[in-house]
2 protein chains.
Amino acid sequence: MENTRGRKSSREKILDAAAELVAEIGAGRLTLDAVAERAGLSKGGLLYNFPSKDALLQAMIQRMIDQVTESREALRAQMEPGPNLEARLATKTLLNMCCGGKMQEVATGLMVATAENPRLLDPVRTVIAETLDRLKANSDDLDAALLGWLAVEGLSNLEMHNLSPFSDQDRERIVQLINRLLTKGIAS
Amino acid sequence: MENTRGRKSSREKILDAAAELVAEIGAGRLTLDAVAERAGLSKGGLLYNFPSKDALLQAMIQRMIDQVTESREALRAQMEPGPNLEARLATKTLLNMCCGGKMQEVATGLMVATAENPRLLDPVRTVIAETLDRLKANSDDLDAALLGWLAVEGLSNLEMHNLSPFSDQDRERIVQLINRLLTKGIAS
DNA sequence: GCAACTAAACCGTCCAGTCGGTATATAAAT
DNA sequence: ATTTATATACCGACTGGACGGTTTAGTTGC
């Protein structure tokens, strides 16, 4: 059991290191040596935990997905009731990630996967499809829900590639806009 | 001048080849040898046209920007007057790119740049900032314009990474939604 | 005669993955 | 109690191939 605990801790350290490095040096420059050094172990140790680079990237993606899911379910409890709850929850989750400090892990996995092996995005595709299903099943105003969701996707994509032209003020305004859209809908 | 014509044609072939390859094998796997072979010339010929890989990537980005700009200005003439013209134009331009066949060139440049040298995204940053400025300056209903623009950004990002869960039908609906948003605004 | 290449060898570097070895712990055998 | 065995977790030198870029010598078409 101590083994398991030890292994887990190393795995986490490695995933943290990888995410940090992607943010710092770019997705295409991620090397196993760099990850190992940052994580405080040798390359051999790294490859002991993840038998290939691909396995490491896969784990990065999976952790990202898990974090988003966890975060969503944690937020679900705190949501005040009202229309388009699922959509409001989805936007809040993404906003929490991308405007809080956690954006790193959300973005970096995607970027590495896109760079090295687009197939790694398959699980992400599934999650997104599930999100759409949930929205379709649970929205009072699907039009507003779709637009709101897409807008948050757009915003977080801009942020994660550092392409966002928005000031904190702009962003705050946009968040309020989306909430207004989700609660009041599009003018008929 | 014939030189220029010849060079231009080769340059175009090379840029096309690079864009195709990125779409096929992933942004991080783009090699000069592969581009040269696909473009139908030698590596020497490729490096004669673009003295370094970085120069090639830069040109990919620039061509992408030029295509978006051209497309926008071409569409501008055909727009029917009405509120939020600039925002409707922006969305129509992006939709034309991402739902038509031209999405490839729009996306691939971004992906390679993100993978290999994030600095190459600088000009893209500028374009996006300019777009926001144009929206702010020319929108009757800035709220709707911002939301619509972000939604199209979100949609096109999903499409360009092949993450989109939308059917053609869904997409059609979303486009109409955005247009309704831009013409009628958010319910107060 | 020059621009725009071709063809192919070559160099230096980077990097994923391999492999033999080590340290520690726990268990089994004597 | 001591040796032996086994498994876990890790080290780090090394290999082999890929890749960006250079060079050189020759070719083609205007």
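A quick note: this is a predicted structure, and the numbers were derived from the prediction, not measured.

### Quick word on the interface of chain B and chain A
Contacts between the two partners involve 46 residues from chain B, matched on the other side by 46 residues from chain A. Approximately 4000 Å² of surface area, both sides summed, lies buried where chain B meets chain A, with 68% of it carried by carbon and sulfur atoms. Of all residues in chain B, the largest losses of buried area upon contact with chain A belong to B:Leu147, B:Leu150 and B:Leu163, amounting jointly to 14% of the total for that side. On the surface where chain B and chain A come into contact, there are six salt bridges. In this structure, B:Arg173 and A:Asp143 form a salt bridge, with 2.6 Å as the shortest nitrogen-oxygen distance. Among the secondary structure elements, those contributing two or more residues to the side of chain B that touches chain A are α6 (103–116), α7 (122–138), α8 (142–160) and α9 (168–184) of chain B. Ranked by residue count, the leading element in the side of chain B that touches chain A is α8(B), at 12 residues.

### Digging into the packing of helix α7 (residues 122–138) of chain A against helix α8 (residues 142–160) of chain A
Residues and elements named next belong to chain A. In the contact formed by α7 and α8, the axes pass within 10 Å of each other and the chain directions differ by 150 degrees. Relative to α8, the element α7 is oriented roughly antiparallel. The hand of the α7/α8 crossing is right-handed. Where α7 abuts α8, its residues Ile-128, Thr-131, Leu-132, Leu-135 and Lys-136 lie against Leu-142, Ala-145, Leu-146 and Trp-149. By residue class, the composition of the contact of α7 with α8 is seven nonpolar, one polar and one charged.

### Looking at the relation of the copies chain B and chain A
Both copies of the chain are related by a screw-like operation: a rotation about an axis and a shift along it. Between chain B and chain A, which share one sequence, the superposing operator has a rotation angle of 179 degrees and an axial displacement of 0.0 Å; the RMSD is 0.3 Å. Read as a symmetry element, the transformation amounts to a two-fold axis. Both copies present the same face, since 100% of the interface residues in chain B are matched by interface residues at the equivalent positions in chain A.

### Examining the side chain of B:Ser156
All names here are of chain B. Note on placement: Ser-156 falls in helix α8. Note on Ser-156: relative accessible area 3%, which makes it buried. The residues contacting Ser-156, other than those within four sequence positions of it, are Leu-94 and Cys-98.

Thresholds, definitions, all that
- Residues numbered from 1 in each chain as written.
- Chains lettered and ligands numbered in written order.
- Predicted model: local features only at pLDDT ≥ 70, side-chain atom pairs only at ≥ 80, totals over all residues.
- Heavy atoms only, no water.
- Contact = heavy atoms within 4.5 Å.
- Buried area = accessible area lost by both parts, 1.4 Å probe.
- Salt bridge = Lys/Arg side-chain N within 4 Å of Asp/Glu carboxyl O.
- Helix = DSSP H or I, 4+ residues; strand = E, 2+ residues; numbered from the N terminus.
- Axes fitted to C-alpha atoms, helices over the stretch in contact; angles between N-to-C directions.
- Parallel < 35°, antiparallel > 145°, perpendicular 65-115°, else oblique.
- Left-handed = near helix turned anticlockwise from the far one by under 90°.
- Nonpolar A, V, L, I, M, F, W, Y, C, P; charged D, E, K, R; others polar.
- Least-squares fit on C-alpha atoms with pLDDT ≥ 70 in both.
- Buried < 20%, exposed > 50% of the residue type's maximum accessible area, 1.4 Å probe, protein only.

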